[in-house]
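# Structural characterization, general
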Amino acid sequence: MKLSKLKIQKFRGASQPLVVEFDSTKNITMLFGENGMGKSTIADSLVCLCTDKLGSISDKSSIDKDFIRTLNAKPAEVLIKLVTDKGTFEAKLNNAGTVFTKNPTEGLPAVRHLRRSQIISLIDSEPSKRYESLKDYIDVANIIKGEDELRKAVRSTTADVETIRKAIVNAELTLKNSWEAEGSPNETFHEWAKIEASKDISQQQSIHKAYNDVINSWRELESKRVEVVKGNRAYSASIAETEVALKKITEIETQNSLLDGTLLNLLVEAQTFISAKESIDTCPICERPESKDKLLSQISTRVETMKEFKAAHDNYKIKKQTKEQCESTLKTFIKSFIEQLEVFILKLTPYLKPTDATLLSINEINDGISNNDKYKAVNKNLSQLVSSIKELEDQAGKILKSINQHNLIKQHYNTSVTNRQKAAKAKYLAAAAEKALQVVEGTRKQFIDDELASISKDVEAFYQNMHPDEQLGGIKLFLKSGVKNSLELNADFYSSTSVTPQSLYSESHLDTLGICIFMALAKKYNNGNTILILDDVVMSVDENHLDRFINLLHTEANNFAHILVTTHYRPWKDRYRYNRAPTAQVHFIELRNWKLETGIRLQNSKIDIQELRNALDDSYYDRQRISNLAGTILENTLDFLSVKFQCRLARKVRQDYVLKELLDCISSKLLKVLKVQHLGKDSAGVYQIIDTKEFEIKPIIETLKQLSAIRNQVGAHYNFDGSLVSDTDVSEFGEKVYEFAKLLICPDTGSFPDRNKSGSYHETRTGSIRLYPLVEPA
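As the structure is a prediction and not an experimental result, all values here were calculated from the model. (Residues numbered from 1 in each chain as written. Predicted model: local features only at pLDDT ≥ 70, side-chain atom pairs only at ≥ 80, totals over all residues. Heavy atoms only, no water.)

### Quick word on the overall build of the protein chain
The number of helices and strands found in the protein chain is 23 helices and 18 strands. Here the C-alpha atoms of the protein chain give a radius of gyration of 56 Å, more than 25% beyond the 28 Å that 2.2 N^0.38 yields for 778 residues. Principal-axis analysis of the C-alpha atoms gives the protein chain an extent of 165 × 105 × 50 Å. Taken over 778 residues, the protein chain has a buried fraction of 43%. Taken as a whole, the protein chain presents about 41600 Å² of accessible surface, with 50% of it coming from carbon and sulfur. Of the charged side chains in the protein chain, 107 are positive and 105 negative; the average position of the first set lies 1 Å away from that of the second. (Helix = DSSP H or I, 4+ residues; strand = E, 2+ residues; numbered from the N terminus. Rg over C-alpha atoms; globule rule 2.2 N^0.38 Å. Buried < 20%, exposed > 50% of the residue type's maximum accessible area, 1.4 Å probe, protein only. Areas by Shrake-Rupley, 256 points an atom, 1.4 Å probe, with all protein chains shown as cover. Lys, Arg positive; Asp, Glu negative; His and termini not counted. Charge placed at Lys NZ, Arg CZ, Asp CG, Glu CD.)

Laid out in structure tokens, this is it:
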């Protein structure tokens, strides 16, 4: 898959529409920019488009998904669009602004996004959490869910076995105790319990039910007798209170013979009658003319003079009503009592013997003519009735005890029998669940171990390429046995094997270890359409390790559809800029300062040799730019030769050698034999010794020595001598530097001949250029 164009709109830092155009001839793109310029926005857009992840924002806690979109942007405005040779893919935010909808939903490129936070998580996390770092590569989430369910099944079935065992033990202990309490009949308590459990106790249950019916009837009768006693007390008290109220009236009439109860009642009724009329002008009794108000006043005066007498009459009336109510209630209680008495006698009589004294009591009760007579007869014979009921309760209690004993034995016997049958099945299920768990868990761990082992060769090769001859390596990733998800990481350190690298390796060595592991995983799970994103993974490494990492990256680049590198580490970019790395295989994009108003701004970056060529060919002639670029390129090229041939230079605290020192450091012996060969390609496109061209370096260096002052006079400093240099000399200096650099730069990769495979010369990665000799002559 070849990437062509990426459009980002209102997504995170892309406040203005942004279009990133890829060079389809190159499968590595370097996105260079300082912090806060939008590198992560571009990388995260690919992650959001091609996966269900959110990219770097997922590394942070307490994230607000509202800021997936640009500040103040609406969800509908967010768009991510990738154009490739296999089709166009789009992602838009839903109305809630939380989920991306993809179109199409299938065929999307696979994205492997490696961030520094993931490296730290892999290296520094505890083994139990380290496993999480690899779940995007080795995804066995559904297997783990099944495994967890099996664990639940193991716990559940094991608990069932234990519950059944306890139930059997408790049931049989109870049976044994009951058996021993019965004198241990039969040979075993199991045999005894089986016999007891099979007995028919329906007759005992019927008798117990009948006895209970009589006893409950008696209790109901006793309850109604108590009601009668209470009602009788209340009636007696009301009679006494009524007599006292009547006596009070008699005493008042004795003291005042003019008082008359009948008259009082007449006056009260007249007062009520007149008050109810709207208007009246004659007395309703004597028919004399009189106003309503005067009539009511006269009646009220007479009633007031009879106040005490009236109060006594009112009290008597209330007490009389209360007595009547108590009398009615008592009659009702007595009637209910008698009805229940008849029911009780009817139920009790069948259980009495002819000689039973209780029959005499019942006959005496039945001989009563009135209800009162019967009630009195019950009270008279109450102790005899209670004695009969007590005897009946004792018999019912014995029968109930026998029934309960039978039920207990039957229940525990059935529990024992049933649970013994269940126990066999439960043990089988528990064993099967445990075995299934062992198989699934073992298979999962073996699968993961096999997957990790399958990348071990690549991890080790990658790491050795970055750290040759350092006596490090032996990287091993494996799941710890006996633990659910504990990912162990071991390595070698000199003579110590299988040590935790965190204990001995430097931070830089640990970083490169994490990168090697993730790159090996990305390589293994590459489906041919995989985009590998390396998001600021290299922070600070020395020159040698940086070169080795770049070499590793280019060696593995063909295993991926595209590699997107984001970095703010300028030395990495400058390795390409100065042709110290395969420049021709990388597309450079440089980000500029970000502002909300302008969004992410970018420009295609150029390497120095291209800029020099452009400056020399430009219609606008910039002599200072030409001199400056040529001087920088010349210093870089000479620095490469001085290091490669270990040329003699004065030692400095800082290795900041000037152009003259670098030109003079190449000895005359070396200069005589210093040459390059440019090889031709065969029909298969492989460089061979055909159409070979050979160039000596000495003539061009001698010319450059003569022109080198132009660099400082024109390109670096202000001085009068610079004004005396002609444009022709400046152009010659630029052209000679360009010629010199192109002699050493591979036409395919853009890198210098920095490899020693033959033992006779240095050559480029592709074999297009050979640099002689291998070492400076003695």
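There is more to say after this.
### Things to note about the packing of aromatic side chains
Here the structure, examined in full by the defined rule, presents twelve aromatic pairs. Relative to Phe588, the ring of Tyr576 lies with its centre 5.4 Å away and its plane at 65°, an arrangement referred to as edge-to-face. Placement of the pair is Tyr576 in helix α15 (residues 570-577) and Phe588 in strand β13 (residues 586-591), with a sequence separation of twelve residues. The same class applies to Tyr576 and to Phe588, which are both buried. A cation sits over an aromatic face here: Lys524 above Tyr525, 5.7 Å from the ring centre. Above the face of the Tyr772 ring, Lys675 is positioned so that its terminal group lies 5.2 Å from the ring centre. (Phe/Tyr/Trp six-rings, centres within 6.5 Å; stacked < 30°, edge-to-face > 60°. Lys NZ or Arg CZ within 6 Å of the ring centre and 35° of its normal.)

### With respect to the side chain of Asn490
Inspection of the secondary structure puts Asn490 in strand β9 (residues 487-493). Excluding anything up to four places from it in sequence, Asn490 contacts Gly474, Ile475, Lys476, Phe478, Ser498, Val499, Thr500 and Pro501. (Contact = heavy atoms within 4.5 Å.)

### Quick look at the sheet that holds strand β3 (residues 28-32)
Reading across the sheet, the six strands line up as β7-β11-β12-β3-β13-β14 and stay open at both edges, with mixed pairing between neighbours. Of all the strands in the sheet, just β7 (110-115) and β14 (602-604) have a single pairing partner and so form its edges. Adjacent strand axes in the sheet meet at a mean angle of 20°, parallel and antiparallel pairs treated alike. Of the pairings in the sheet, the one linking β3 to β13 comprises five bridges and is parallel in character. Looking at the pairing, Thr29 lines up with His587 of β13. Here α15 sits on the sheet in contact with β3, β12 (562-567) and β13, set at roughly 130° to β3. (Pairing = 2+ DSSP bridges. Axes fitted to C-alpha atoms, helices over the stretch in contact; angles between N-to-C directions.)

### Notes on the nonpolar core
Side chains of nonpolar character tend, in soluble globular proteins, to be buried together. By size, the foremost hydrophobic cluster in this structure holds 102 residues, and its most contacted members are Trp572 and Phe740. The element contributing the most residues to this core is helix α13 (residues 507-524), with ten residues. In terms of nonpolar packing, the next biggest core, distinct from the first, is built from 37 residues, Met1, Val20, Leu31 and Leu46 among them. (Core = buried A, V, L, I, M, F, W, Y, C linked by side-chain atoms within 4.5 Å.)

### So, the pairing of strand β11 (residues 530-535)
β11 sits mainly inside the fold: six of its six residues count as buried. Judged by which residues are buried, β11 turns out to be covered on both faces: Thr530, Leu532 and Leu534 on one side and Ile531, Ile533 and Asp535 on the other are all buried. As paired strands, β7 and β11 are joined by six bridges and run parallel to one another. Considered in β11, the bridge of Leu114 is made with Leu534. Note that β11 and β12 share five bridges and pair parallel. Bridge pairing in β12 links Asp535 to Thr566.

### A short note on the environment of Thr105
Here Thr105 shows up in the loop between β6 (100-103) and β7. Along the backbone, Thr105 and Ala91 are 14 residues apart, and their C-alpha atoms lie at a distance of 9.4 Å.

### So, the packing of helix α10 (residues 357-366) against helix α12 (residues 382-466)
Packing of α10 against α12 leaves a shortest axis separation of 9 Å and a crossing angle of 135°. The angle between α10 and α12 places the two elements in the oblique class. When the axes of α10 and α12 are compared, the crossing they make is left-handed. Judged by residue contacts, Ala357, Thr358, Ser361 and Ile365 of α10 engage Gln384, Leu385 and Ser388 from α12. For the contact of α10 with α12, the class distribution of residues is three nonpolar, four polar and no charged. (Parallel < 35°, antiparallel > 145°, perpendicular 65-115°, else oblique. Left-handed = near helix turned anticlockwise from the far one by under 90°. Nonpolar A, V, L, I, M, F, W, Y, C, P; charged D, E, K, R; others polar.)

### A closer look at the sheet that holds strand β8 (residues 472-479)
Taking strand neighbours across the sheet as the criterion, the three strands line up as β8-β9-β10 in an open arrangement whose pairing is antiparallel. The sheet terminates laterally at β8 and β10 (496-499), the two strands that pair on one side only. The average undirected angle you get between the axes of adjacent strands in this sheet is 15°. Judged from the six bridges that link them, β8 and β9 form a sheet pairing that is antiparallel. When the bridges of β9 are listed, Lys476 appears paired with Asn490.

### Topic: helix α4 (residues 141-181)
A rise of 1.5 Å per residue sets the reference length of α4, with its 41 residues, at 60 Å; its end C-alpha atoms lie 60 Å apart and thus fit the reference within 8%. Note on α4: the residue one or two positions beyond its end, Gly183, has a positive phi of about 90°. (Expected span 1.5 Å × (residues − 1).)

### Section: the pairing of strand β15 (residues 675-681)
Inspection of the sheet shows β15 paired to strand β16 (residues 687-696) by six bridges, in the antiparallel sense. From the neighbouring strand, His678 faces β16, where its bridge partner is Lys693. If you look at the hairpin formed by β15 and β16, you'll find five residues sitting between the two strands, and Gly685 has a positive phi there, around 85°. As paired elements, β15 and strand β18 (residues 769-772) share four bridges and run antiparallel to each other. Paired with Val676 across the strands is Leu771, a residue of β18.

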